[in-house]
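# Inside the fold
Below are the chains, spelled out letter by letter.
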Amino acid sequence: GELLLKNVRPAQSYTLEGRGKGMLGLAHAAADITLGDDPAGGTLLVFLAAGHADGGIIRLGRALIGHSAQAIIDGFFVSIGERMHVAVEALPQDRG
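Residues numbered from 1 in each chain as written. Predicted model: local features only at pLDDT ≥ 70, side-chain atom pairs only at ≥ 80, totals over all residues. Heavy atoms only, no water.

## Digging into the environment of Gly51
Inspection of the secondary structure assignment puts Gly51 in strand 4 (residues 43-53). Given a relative accessible area of 66%, Gly51 falls into the exposed group. For the pair Gly51 and Arg19, spaced 32 residues apart in sequence, the C-alpha separation works out to 9.3 Å. If near-sequence neighbours (up to four positions away) are discounted, Gly51 is found in contact with His28 and Ala29. (Helix = DSSP H or I, 4+ residues; strand = E, 2+ residues; numbered from the N terminus. Buried < 20%, exposed > 50% of the residue type's maximum accessible area, 1.4 Å probe, protein only. Contact = heavy atoms within 4.5 Å.)

Below, the structure written as structure tokens:
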């Protein structure tokens with residue numbers, strides 16, 4: 001697979017795109033990430049992600065893939081926080 005960083009505006013926003021192909025088919029995802037000052041202190045990171053999959057991946061079911069993707073995304077940002085020695089806390093998801 002590959003991971004690309006696009007639309008980079010240092011310390012403001014960027015787009016993270018990834019794609020991969022395997023035995024179960026093709027998957028592609030992108031996240032628009034915005035950074036800002038958190039009124040409580042620290043940095044607020046907000047992202048909006050979308051993805052597409054085909055082949056056998058779709059047959060696994062959207063809910064399973066969605067929960068798995070969220071776990072990977074959360075783990076990614078927790079890992080970055082650990083390497084930077086800062087606490088990372090996920091905000092509740094907007095179900096609106």
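## Some details on the sheet that holds strand 4
One key point about sheets: their strands pair by backbone hydrogen bonds, in either a parallel or an antiparallel sense. Spatially, 1-2-3-4 is the arrangement adopted by the four strands of the open sheet, whose pairing is antiparallel. Whereas interior strands pair on both sides, the edge strands pair on one side only; in this sheet they are strand 1 (2-9) and strand 4. The sheet shows a mean angle of 15 degrees between the axes of neighbouring strands, taken without regard to direction. (Pairing = 2+ DSSP bridges. Axes fitted to C-alpha atoms, helices over the stretch in contact; angles between N-to-C directions.)

## Some details on the confidence of the model for the chain
Per-residue pLDDT for the chain has a mean of 79; in total, 80% of the residues score no lower than 70. The least confident element of the chain is helix 1 (residues 56-59), whose mean pLDDT is 67; the most confident is strand 1, at 90. (pLDDT = per-residue confidence, 0-100.)

## A short note on the pairing of strand 1
In the sheet, strand 1 pairs with strand 2 (residues 13-22) via six bridges, with the strands oriented antiparallel. Residue pairing across strands places Leu3 opposite Gly18, the latter belonging to strand 2. The hairpin formed by strand 1 and strand 2 contains three residues between the paired strands, and Ala11 there has a positive phi angle of roughly 65 degrees.

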